[in-house]
Amino acid sequence: MIDDDWPTPMPRRGDVDRSGDYAVFAASPAPQTPGGAHQASATGSQMLEAPRRTRRGTSPLGWVGAGLLAVWLVAMPLTSTATQLAQNTQAMVMVLAVLGVNLATGYGGMISLGHGVFVAVGSFATAYAAADMGLPWAVSILAGAVLAGTLGAVVGLPALRIKGIYLALVTLGLAIVFQPLSKRFTAFTGGVSGRTVDAEMIAPTWFGTSRWSEGLYRYLICVAVVVMALWLVQQLVDSRPGRAMRAVRDDDTAAAVYGVNLTTNRLATFAASAALAGLAGALQVVLVPFASQESFPPQESLVLYATAVLGGLGSIWGSVLGVAIREAAAAAGSGLASIDGLGAISELFDLFDDERLLFGAALIVLTFVFPRGLASAIVGRARRRDA
Amino acid sequence: MDAGLLLLLQRIFDALTNSAIYASLALALVIIYRSTGLLNFAQGEMATFSAYVAFVLLVGAAPGLTGGSLAAAIGAPYPTVAAIGAAVVFGAIAGGVTERLVIRPLRETSELAVVSITIGLFLGVNSLVEQWWGTAPRQFPSLFPDAASDYLDVAGARLRYSAIGAWATLLVLLAALAWLLQRTRGGLAFRAVSFNRESAELSGIRSARTLMWGWVLASALGAVAAALSASSVLLEPKMMLRVLVYAFAAATLGGLDSPRGAIIGGVVIGLSQTLVPAYIPFIGFELSVLPALVVMVIVLVVRPAGLFGTQRLERV
């Protein structure tokens, strides 16, 4: 066979010390001393100590971004119709799913191409709890996040041994298997055609009873949940377990030597990241009383990954930015598609009325231009960590 | 012969076509992995694109068929073999161009960057296929005689000509590949670069250009796999999604850097796809991709080198 005379290769990618792979992408580690984690590792036991609190640099562009975000949060509901409000809120809660990918991939160094699965599980679990079991919404939403997180811990088990590109492979496989698998659990997922959710989150009467004010109520709930989750994740990544997480990402052997329990750390990271995605799915059910496997083709998981990478891995705000880019790109795409009368060029523009093409192209282009993700370019935290 | 045994034999025969498809796509993945250490997640989508090119060349100008008039301008409709041959050449060139444009410049940066690039390719190509040719399944002409009576009777079980044809195609490709790698200068260079890039460069081999040929070969193999797949079921945009999981499972099982492993893995996964649903009713046809994923995970956890792959050592 063709193997025979094809000698066994010696040095291959897998053999080389690839620690720092993720460091290239991650805009994160907060230590402001030049050299960051690498210097810390040189000084041994300090590795997981909290870095000295120095001035946390926020570039002027960062402030502009924060201002725009604040304006959007207030102006969006006021200028939207009830339908637009629901759609925009749906887009907003996807920040959580992207943050989930970011936590696993950017902070934990575990590439996940399958987070759409956890979003779906969160949706189905919340739908089941709220409609079929009649539980209150707060409990149902929590149930969605917890179930997704539990599944995440199970999926995280192979991630204890499988790393890097191989984990990407397994999670992509999971994303592809999910659709046929979910059709087997009809009671839970509604099978092929999905399920409606016979439960609605009703705003208190003093809040108003128009469709718009119902939508505003749900929007405010979602904003509260998203803000709380962002804050919690920021606390997590700045804490000792969070620093351990990044240490494991950069060099798991070294982290283990410094006393990090790799098993707990990896499992907890993956579970937390899946729970975030599940929370996004749970909120989707609050906003649209329908859940179907049709909404979670493997491509959706890949778009989540692309969003996280485009925004910038290893940065909380990167995930927010990623979703903003996703929405802006979708708007730009349909804008391009609406240009008619240019013949072949119009036809070319029409193609971009599809986020997969836009995202595919953007992912390729931006990987060239900003290999560390967009957030690093804007927030200005991109430092050469190997300098 | 005992009825249960006969049924088993028949099921094994039924698995042959799929085995050949998985083996050829797995071989494509292995060629790229072996030479560069990359997994090309877009391999299946690129192959689907080539299969649609073949379809357009087969049909020519038809209402609502993107590219049909372009194909008609260069003489379409073509006979089946010519159309598929042209599509394979197209796929090979596209693979080479892709490598040159987006993979080569980033090859040395990081694993994550290359994963991102192949995911970007996956999404982009997937979107183009759906937008240009629609999501509806299309009837792809069969490559081999496929009438109800086209089979060999082997001890009462039916061995279809299409299964024999798929394996004949695969074996011809393997022979061609073996000849290329072992009897040509380019093949020698490719093996040298796979073995040790730095040493190969020091002896005057242009490694970048050589590695591009790996992508050319892999994309050609992928295009063949997609054409076989389209002719054995239907041509549709998502047809290679599951095939990709089977092929990755096959490649992992055989060892990601072993061409022989890819073929044997393809056979095993192909058999499991037919036999597991037959004997475990819960799995059913549609979920037959689950055992493949499970095999992949188990192999990666227990023996990452697979059956025939090289054990990897990690230096700390």
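Because the structure is a prediction, the values reported are computed rather than measured.

To continue, consider the overall build of chain B. Within chain B one finds 12 helices and two strands. Going from N to C terminus, chain B has its helices and strands arranged as α-α-α-α-α-β-β-α-α-α-α-α-α-α. Here chain B, with 316 residues, has 56% of them falling under the buried criterion. Excluding contacts between residues fewer than 6 apart, the proportion of contacts in chain B whose partners are at least 24 apart in sequence is 72%. Accessible surface for chain B amounts to roughly 12,600 Å². Of this, 67% is attributable to carbon and sulfur atoms.

Turning our eyes to something else, we now look at the packing of helix 1 (residues 3-36) of chain B against helix 6 (residues 161-183) of chain B. Residues and elements named next belong to chain B. At a minimum axis distance of 8 Å, the contact between helix 1 and helix 6 shows a crossing angle of 25°. As the angle between them shows, helix 1 and helix 6 are arranged roughly parallel. For the crossing formed where helix 1 meets helix 6, the hand is left-handed. Facing helix 1, whose interface residues are Phe13, Leu16, Thr17, Ser19, Ala20, Ala23, Ser24, Leu27 and Ile31, helix 6 presents Ser162, Ala163, Ala166, Trp167, Leu170, Leu174 and Leu177. Tallied by class, residues from the contact of helix 1 with helix 6 come to 12 nonpolar, four polar and no charged.

Further remarks concern helix 4 (residues 80-103) of chain B. Spacing of three or four residues puts side chains on the same side of an α-helix, whose turn is 3.6 residues. The end-to-end C-alpha distance of helix 4 of chain B is 32 Å, a good match for the 34 Å that 24 residues give at a rise of 1.5 Å each. Looking at the buried residues of helix 4 of chain B, the elements they touch are helix 16 (355-369) of chain A together with helix 2 (43-59), helix 5 (111-133) and helix 9 (207-232) of chain B.

Attention now moves to the pattern of salt bridges. All names here are of chain A. All told, the structure shown has 11 salt bridges over all chains when counted by the stated rule. Taking the shortest distance from any N to any O, the salt bridge between Lys163 and Asp252 comes out at 2.8 Å. Linking Lys163 in the loop between helix 6 (137-159) and helix 7 (164-182) with Asp252 in helix 11 (residues 252-257), this pair joins segments that are 89 residues apart in sequence. With relative accessibility at 36%, the residue Lys163 sits in the partly exposed group. On the accessibility criterion, Asp252 (14% relative accessible area) is buried. The closest approach of N and O atoms between Arg356 and Asp354, which form a salt bridge, is 3.0 Å. You can call Asp354 buried: its relative accessible area is 15%. What emerges from the salt-bridge pattern is a single network uniting Lys163, Asp252 and Arg266.

What counts, and at which threshold
Residues numbered from 1 in each chain as written. Chains lettered and ligands numbered in written order. Predicted model: local features only at pLDDT ≥ 70, side-chain atom pairs only at ≥ 80, totals over all residues. Heavy atoms only, no water. Helix = DSSP H or I, 4+ residues; strand = E, 2+ residues; numbered from the N terminus. Buried < 20%, exposed > 50% of the residue type's maximum accessible area, 1.4 Å probe, protein only. Contact = heavy atoms within 4.5 Å. Areas by Shrake-Rupley, 256 points an atom, 1.4 Å probe, with all protein chains shown as cover. Axes fitted to C-alpha atoms, helices over the stretch in contact; angles between N-to-C directions. Parallel < 35°, antiparallel > 145°, perpendicular 65-115°, else oblique. Left-handed = near helix turned anticlockwise from the far one by under 90°. Nonpolar A, V, L, I, M, F, W, Y, C, P; charged D, E, K, R; others polar. Expected span 1.5 Å × (residues − 1). Salt bridge = Lys/Arg side-chain N within 4 Å of Asp/Glu carboxyl O.

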